[in-house]
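Next come the chains, spelled out residue by residue.
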Amino acid sequence: MIALTAAEIADITNGRLAAEPGLTPASVVTDSREATAGSLYVAKPGESADGHDFVGAAFDRGAVLALVEREVADAAGAMYPAVVVEDAVLAMGALAAESVRRIRAHRAAAGAAFTVIGITGSAGKTTTKDLLAGIFAASDAGGATVAPQGSYNGEVGVPLTVFKADFGTRYLVIEMGATGIGHIRYLADMVRPEIGVVLGVGSAHAGEFGGIDNIAVAKGELVEALPAEGTAVLNLDDARVAAMAARTRARVLGYTSRPADIGQDNGSQPDVAPSDVVRAEGIELNAEGHPEFELYLPGDSAPQGTAEQEPAQQGTTGQGITRYHVSAKLIGAHHIANLLAAAAAAHAAGIPGAQIAASLSAQTAASRWRMERTERPDGVTVINDAYNANPESMRAALRTLAELGRGRRTWAVLGAMLELGPDSIREHMTVGTQVVRLNISRLVVVGREARSLYVSAVNEGSWGDECVFAETADEAYDLLQAELQPGDLVLFKSSNGIGLRHLGDRIALPPQAPKTSPERPAEGPAATATEGRAQL
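As the structure is a prediction and not an experimental result, all values here were calculated from the model.

Chemist: Just checking my understanding: could you explain helix α1 (residues 6–13) for this structure?
Modeler: Among the residues of α1, Ala6, Ile9, Ala10, Ile12 and Thr13 are the ones counted as buried. Buried residues of α1, viewed axially, fall in a sector of 165 degrees; they line one side. Buried residues along α1 sit in contact with β1 (16–18), β3 (39–42), β4 (65–68), β5 (82–84) and α3 (88–109).

Chemist: Honestly, helix α6 (residues 183–191) in this entry has me stumped. Any pointers?
Modeler: Owing to its 3.6 residues per turn, the α-helix aligns residues three or four sequence positions apart on the same side. For α6, the full list of buried residues reads Ile184, Leu187, Ala188, Met190 and Val191. Burial along α6 is one-sided: seen end-on, the buried residues are contained in an arc of 155 degrees. Of the surrounding elements, those touching the buried residues of α6 are α3, β6 (115–120), α5 (157–162), β8 (169–175) and α8 (212–224). The positive-phi residue at the C-terminal boundary of α6 is Arg192, with phi of around 50 degrees.

Chemist: Teacher, can you tell me more about the pairing of strand β12 (residues 277–285) here?
Modeler: Every other side chain in a regular strand lies on the same face of the sheet, so the side chains alternate between the two faces. Summarising the sheet, strand β11 (residues 251–256) and β12 pair through three bridges and their orientation is parallel. Of the residues in β12, the one forming a bridge with Gly254 is Val277. Note that β12 and strand β13 (residues 291–298) share five bridges and pair antiparallel. Paired with Ala280 across the strands is Leu295, a residue of β13. Counted along the chain from β12 to the antiparallel partner β13, the turn is five residues long, and its residue Gly289 has a positive phi close to 85 degrees.

Chemist: Before we go on, may I ask you to explain the side chain of Asn235 in this structure?
Modeler: Inspection of the secondary structure puts Asn235 in strand β10 (residues 231–235). Residue Asn235 is classed as buried on the basis of its relative accessible area, which comes to 8%. Within the structure, the side chain of Asn235 is placed 2.8 Å from the backbone oxygen of Leu199, a separation counted as a polar contact. Not counting residues within four places of it along the chain, the set of residues in contact with Asn235 comprises Val198, Leu199, Val241, Ala242 and Tyr255.

Chemist: Teacher, can you tell me more about unusual backbone geometry here?
Modeler: The general pattern is negative phi for most residues beyond glycine and trans for most peptide bonds. Of note in this structure, Arg192 is not a glycine but carries a positive phi near 50 degrees. Secondary-structure assignment places Arg192 in the loop between α6 and β9 (195–198).

Chemist: Would you take a moment to explain the side chain of Asn153 for this structure?
Modeler: Summarising the element assignment, Asn153 is placed in the loop between β7 (144–146) and α5. With a relative accessible area of 1%, Asn153 lands in the buried category. Reaching out from Asn153, the side chain makes a polar contact with the side chain of Glu175 at a distance of 3.1 Å.

Chemist: What am I meant to see in the confidence of the model for the chain here?
Modeler: When pLDDT is low, close inspection of the predicted coordinates is not appropriate. On average, the chain scores 87 in pLDDT, and the residues at 70 or more come to 87%. Per-residue pLDDT stays below 50 along residues 263–267; that stretch engages in eight contacts with residues further than four places along the chain or on separate chains. Confidence drops under a pLDDT of 50 for residues 301–318, and excluding neighbours within four residues, the segment shows 34 contacts in the predicted structure.

Chemist: Whenever I open this one, the environment of Ala57 confuses me. Can you help?
Modeler: Its location among the elements puts Ala57 in helix α2 (residues 55–60). Taking the C-alpha atoms as reference, Ala57 lies 7.6 Å from Arg33; in sequence the two are 24 residues apart.

Chemist: I'm lost on the nonpolar core in this one. Help?
Modeler: Soluble globular proteins tend to bury their nonpolar side chains together. Residues Leu67, Leu172, Val191 and Leu234 are the most contacted members of the largest nonpolar core, which totals 55 residues. Per element, the largest residue contribution to this core is eight residues, and it comes from α3. Residues in contact with Leu234, not counting those within four places in the same chain, are Val198, Val223, Val241, Ala242, Met244, Ala245, Val252, Leu253, Gly254 and Tyr255. Val173, Val233, Val278 and Ala342 belong to the second-largest nonpolar core, a separate cluster that totals 37 residues.

Chemist: Where do I start with the pattern of salt bridges in this structure?
Modeler: It is possible for side chains of opposite charge to pair when their charged atoms get near one another. Under the counting rule described, the total for this entry stands at 29 salt bridges. In this structure, the salt-bridge partner of Arg102 is Glu98, at a minimum N-O distance of 2.7 Å. Placement of the pair is Arg102 and Glu98 together in helix α3, with a separation of four residues, close to one helical turn. Residue Arg102 is classed as partly exposed on the basis of its relative accessible area of 23%. Overall, the relative accessible area of 14% leaves Glu98 in the buried class. A salt bridge links Glu294 to Arg323; the shortest N-O distance between them is 3.7 Å. With Glu294 in strand β13 and Arg323 in strand β15 (residues 321–327), this residue pair connects regions lying 29 residues apart in the sequence. Residue class for Glu294 comes out partly exposed when judged on its relative accessible area of 22%.

Here is what the cut-offs are and how they apply
Residues numbered from 1 in each chain as written. Predicted model: local features only at pLDDT ≥ 70, side-chain atom pairs only at ≥ 80, totals over all residues. Heavy atoms only, no water. Buried < 20%, exposed > 50% of the residue type's maximum accessible area, 1.4 Å probe, protein only. Helix = DSSP H or I, 4+ residues; strand = E, 2+ residues; numbered from the N terminus. Arc of directions from axis to C-beta. Contact = heavy atoms within 4.5 Å. Pairing = 2+ DSSP bridges. Polar contact = N/O pair within 3.5 Å; in protein donor to acceptor, adjacent residues only side chain to side chain. pLDDT = per-residue confidence, 0-100. Core = buried A, V, L, I, M, F, W, Y, C linked by side-chain atoms within 4.5 Å. Salt bridge = Lys/Arg side-chain N within 4 Å of Asp/Glu carboxyl O.

Pasting the structure below:
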């Protein structure tokens, strides 16, 4: 965090100063339990609690200043040092915007580069963010890389990420989520990215947005915010994303898994020259389900012996296109799009192709519950992909289960996909049909919100013990503990709010282990916390 005095904080947020003007916090927290010596505690209203009730707890842990919407007194009646604002969350955004402005100005004055990269999309944001941060961290560009913890991608999470940056930061990677039109514009105005990455437009949260077309409008706000000298990194395999090329003044760098000879013949793609396209060819999944492919980067110069140079294709600007082999450690073909997005963004940021390919080939999943694989001592394999779910990611996970499970008994333990609006029943029924058609051995559907998925599978021909409905996660746990056998492969997938990731954690433990999740439980009402739920 850059140094900001209490007086500066009050000025930036249009707040009222009720503290020593020169008081300078060293960090920012929104959870009183995370406060340490020198923290600024933001007392924001939460979904289940009011942060003002925990101001005292934050100061007990070392906080020196609070950002509040009303003053709070200690047991003796003395007011805690504070900056009083009208809206604590908007005040966080103002502080974050000023922090980015000062870092950019400071580094420019010193002749040092500073690049902000924004990433949005209906799925894959966190994985792409992790991959890109890994590439930057392993590069020799100089300076630190700051990226979100977990899925901090909203109006609270983005400022918290910014507050981790300081004058030594070279790359600031920002994940951007939204639950409505205008949200991404707000975040983009806050951090002013030079590079914007749009991964895809899916049907998750379509109910909240009022339809998938509105999701496309919201996602495109990122590329609309880019400067003319910036770069919009667009998924050319998604028609709605590809169309965003017309909404930006920035250079467009596309990425695709379609071969070069057919990529421009697809009517869904804009007129993007091969010299502005990153692509994957020769895609395969190895025996462990890890993607391998040839990565083609436009205009890249490769050190001798590290890549193969192919002649510039017709229609290019005359620059060569360089090929690298990538052998990824992530699980599932659906990660190819995330790998390509990270490669394209890193390429736009000037990272050499050899470093990009080497990093993509070395990285494992950095965030939990994203195709997280556990091999139990008894031979059962658990894949926990239950951080979140939408129809597209559910189908991708099931295809991966079928591919990895050849010659094994496969289990799909599925919960509901939330916030699909009026399409919810139809989308769940489509998934149930797909499970049967992929010949998944056993289906366990958990929770009434997903019952239409179970009904669809039964109607498609999954009978007897092939398809089971469990009212609760505990019922599913008892069934799995009783029936899983060595060699079985079991997938867990649901929306975050359903919580099947915790069931997956329990099953990943050895069979004799107690029924507890290794994830630290929430501490009661201290959900003054950071982000409430994952955003699209």
